[in-house]
Amino acid sequence: MSQKRVLITGAAGFLGSHLCDRFISEGYFVIGMDNFITGDPKNIAHLSSNSNFLFIQHDVTNFINIEGGLDYILHFASPASPIDYLKIPIQTLKVGSLGTHNLLGLAKAKNARLLIASTSEVYGDPLVHPQTEDYYGNVNTIGPRGVYDEAKRFQESITMAYHRFHGLETRIVRIFNTYGPRMRLNDGRVIPAFMGQALRGEDLTVFGDGSQTRSFCYVTDQVDGIYRLLLSDYPNPVNIGNPHEISIKDFAEEIIKLTGTTQKVIYKDLPVDDPMQRQPDITLAKKLLQWEPKVGREEGMRKTFDYFKNLTEEELHKSEHKDFSSYNK
Ligand code: NAD
Ligand code: UDP
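Residues numbered from 1 in each chain as written. Chains lettered and ligands numbered in written order. Predicted model: local features only at pLDDT ≥ 70, side-chain atom pairs only at ≥ 80, totals over all residues. Heavy atoms only, no water.

## Some points on the overall build of the chain
Phase 1: Helix and strand content of the chain: ten helices and 13 strands.
Phase 2: Taken over C-alpha atoms, the radius of gyration comes to 19 Å for the chain, in line with the 20 Å a tight globule of 329 residues would show.
Phase 3: Principal-axis analysis of the C-alpha atoms places the extent of the chain at approximately 55 × 45 × 40 Å.
Phase 4: The buried share of the chain, taken over its 329 residues, is 55%.
Phase 5: For the chain, contacts bridging at least 24 residues in sequence account for 82% of all contacts bridging at least 6.
Phase 6: Accessible surface for the chain amounts to roughly 14,300 Å². Of this, 52% is attributable to carbon and sulfur atoms.
Phase 7: One way to put it: in the chain the 36 positive side-chain charges average out to a point 4 Å from where the 40 negative ones average out. (Helix = DSSP H or I, 4+ residues; strand = E, 2+ residues; numbered from the N terminus. Rg over C-alpha atoms; globule rule 2.2 N^0.38 Å. Buried < 20%, exposed > 50% of the residue type's maximum accessible area, 1.4 Å probe, protein only. Contact = heavy atoms within 4.5 Å. Areas by Shrake-Rupley, 256 points an atom, 1.4 Å probe, with all protein chains shown as cover. Lys, Arg positive; Asp, Glu negative; His and termini not counted. Charge placed at Lys NZ, Arg CZ, Asp CG, Glu CD.)

As structure tokens, this is what we get:
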């Protein structure tokens, strides 16, 4: 049987790089694509001499050309942290809409199956708890987070349209907060934020009163859920995440204990439209994919902290590594 070929966009990012590793370990030939807007070449440096990996630097909002056949495409390119997509709102909208359109066209031309990375943000600030796939969501279209949430909602719609109209094989994963090694320390998401603060000897910044909740999934569990979904025959959205929910205030206390920092928690304003509660209902994933998360928060956080602890002083202290201004076209 000939070797299967998979294109992974967002390959130099957190999830994309772990997906590259997983598919290579499963025997695939992986083409990674990224424009490094929020990713880091370091995340895929270990693959540079791997004969089953090819990297193409490219912005997926422009026409995509791939030589040869493709069996699968995973579209993971998109800024993913609230701070990133507030800084690059137009590029965020474009990668979810124009980028997805390009990848759907590529999938159709190559007769490949496309899996898109959607998000729990399609549920907005949810009025149903825990969130089931049949909940339509509560999103503020014109709020600052709308650029991400609506791009992802459009992404789901156009993907289903290609599935229904062209008969394209498509999969939609709704990813809930996922963490682990290779997250960018300064991307603003709560786990790198708290761990970076602990390592630099700064106070931990809890937004609002910290009563908002999240449910954190370790990266290997997330990647396994995505892998199983791709190989399933189910075209509708599936939640993948860890249902173990915690308030951000309690989570800050857990991080203080884990890191041994002597710093305290300080409170800052809650960002606009910050969802107050989030927990995936994973009944569907359990039944359909025989999948459920295996790595508990304590173990996952320890592994993640070990990664951040080993960063260089320079990496620990640089506050922002990119000038995003040229991307908002
Ligand atoms: P990330 O920022 O680490 O990775 C995103 C990657 O996409 C980066 O390497 C970036 O350079 C690349 N990229 C962005 N725009 C691009 C473009 N136009 N062309 C080519 N490459 C581009 O973020 P992540 O956490 O790895 O998220 C990956 C995907 O998963 C995103 O689509 C995100 O919306 C989705 N997701 C992630 C989470 C999570 O908790 N990590 C939750 C929900 C959804
Ligand atoms: N948060 C916080 N302090 C920080 C960063 C984030 O209290 O320094 C909060 C944020 O307001 C949100 C939660 O942590 O309620 C998770 O934020 P994150 O940016 O990780 O992802 P989100 O789930 O909001 O997309």
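Still more to cover.
## Examining the environment of serine 49
Phase 1: Along the chain, the position of serine 49 falls in the loop between β2 (29–34) and β3 (53–57).
Phase 2: In this structure the C-alpha to C-alpha distance between serine 49 and arginine 113, which are 64 residues apart in sequence, comes to 27 Å.

## Observations regarding the site of ligand 2
Phase 1: Around ligand 2 sit 18 residues, and of these Thr205, Phe207, Arg214, Asp274 and Arg278 come closest.
Phase 2: Within the side chain of glutamine 212, one N or O atom sits 3.0 Å away from an oxygen atom of ligand 2.
Phase 3: Arginine 214 has a polar side-chain atom sitting 2.6 Å from an oxygen atom of ligand 2.
Phase 4: When ligand 2 is considered free in solution it has 520 Å² of accessible area, and contact with the protein chains removes 95% of it.
Phase 5: Elements with a minimum of two residues in the shell around ligand 2: α5 (190–200) and β8 (204–207). (Near = heavy atom within 4 Å. Polar contact = N/O pair within 3.5 Å; in protein donor to acceptor, adjacent residues only side chain to side chain.)

## Topic: the pairing of strand β4 (residues 72–75)
Phase 1: Across the two faces of β4 the burial is the same, with Tyr72 and Leu74 and Ile73 and His75 all buried.
Phase 2: Examined bridge by bridge, β4 and strand β5 (residues 113–119) share four bridges and lie parallel to one another. By the bridge assignment, histidine 75 is partnered in β5 with isoleucine 116. (Pairing = 2+ DSSP bridges.)

## Side note on the side chain of serine 247
Phase 1: By the secondary structure assignment, serine 247 is in strand β12 (residues 245–247).
Phase 2: Polar contacts involving the side chain of serine 247 include one to the main-chain amide nitrogen of aspartate 250, which spans 3.1 Å.
Phase 3: Ignoring anything within four residues of it in the chain, the contact list for serine 247 reads Gly210, Ser211, Gln212 and Thr213.

## Some details on the nonpolar core
Phase 1: Among the nonpolar cores identified, the biggest contains 58 residues, and Phe23, Val30, Leu74 and Phe76 are the most heavily contacted of them.
Phase 2: Setting aside residues no more than four positions away along its own chain, phenylalanine 23 makes contact with Val6, Ile8, Tyr28, Val30, Leu74, Tyr227 and Leu230.
Phase 3: Ala77, Leu114, Ile116 and Tyr162 belong to the second-largest nonpolar core, a separate cluster that totals 23 residues. (Core = buried A, V, L, I, M, F, W, Y, C linked by side-chain atoms within 4.5 Å.)

## What to know about the site of ligand 1
Phase 1: Around ligand 1 lies a shell of 30 residues, among which Leu15, Asp34, Thr38, Tyr148 and Thr178 are the nearest.
Phase 2: The contact in question runs from an oxygen atom of ligand 1 to an N or O atom on the backbone of leucine 15, over 2.8 Å.
Phase 3: In terms of residues, the shell around ligand 1 owes the most to one element, β5, which gives three residues.
Phase 4: Of the residues contributing to the shell around ligand 1, the split by class is 13 nonpolar, 13 polar and four charged. (Nonpolar A, V, L, I, M, F, W, Y, C, P; charged D, E, K, R; others polar.)

## Quick word on the state of the cysteines
Phase 1: Evaluated as defined, the whole model comprises zero disulfides.
Phase 2: Distance from the sulfur of cysteine 20, which forms no disulfide, to the nearest cysteine sulfur (cysteine 217) is 18 Å.
Phase 3: Owing to a relative accessible area of 0%, cysteine 20 belongs among the buried residues under this scheme. (Disulfide = S-S within 2.5 Å.)

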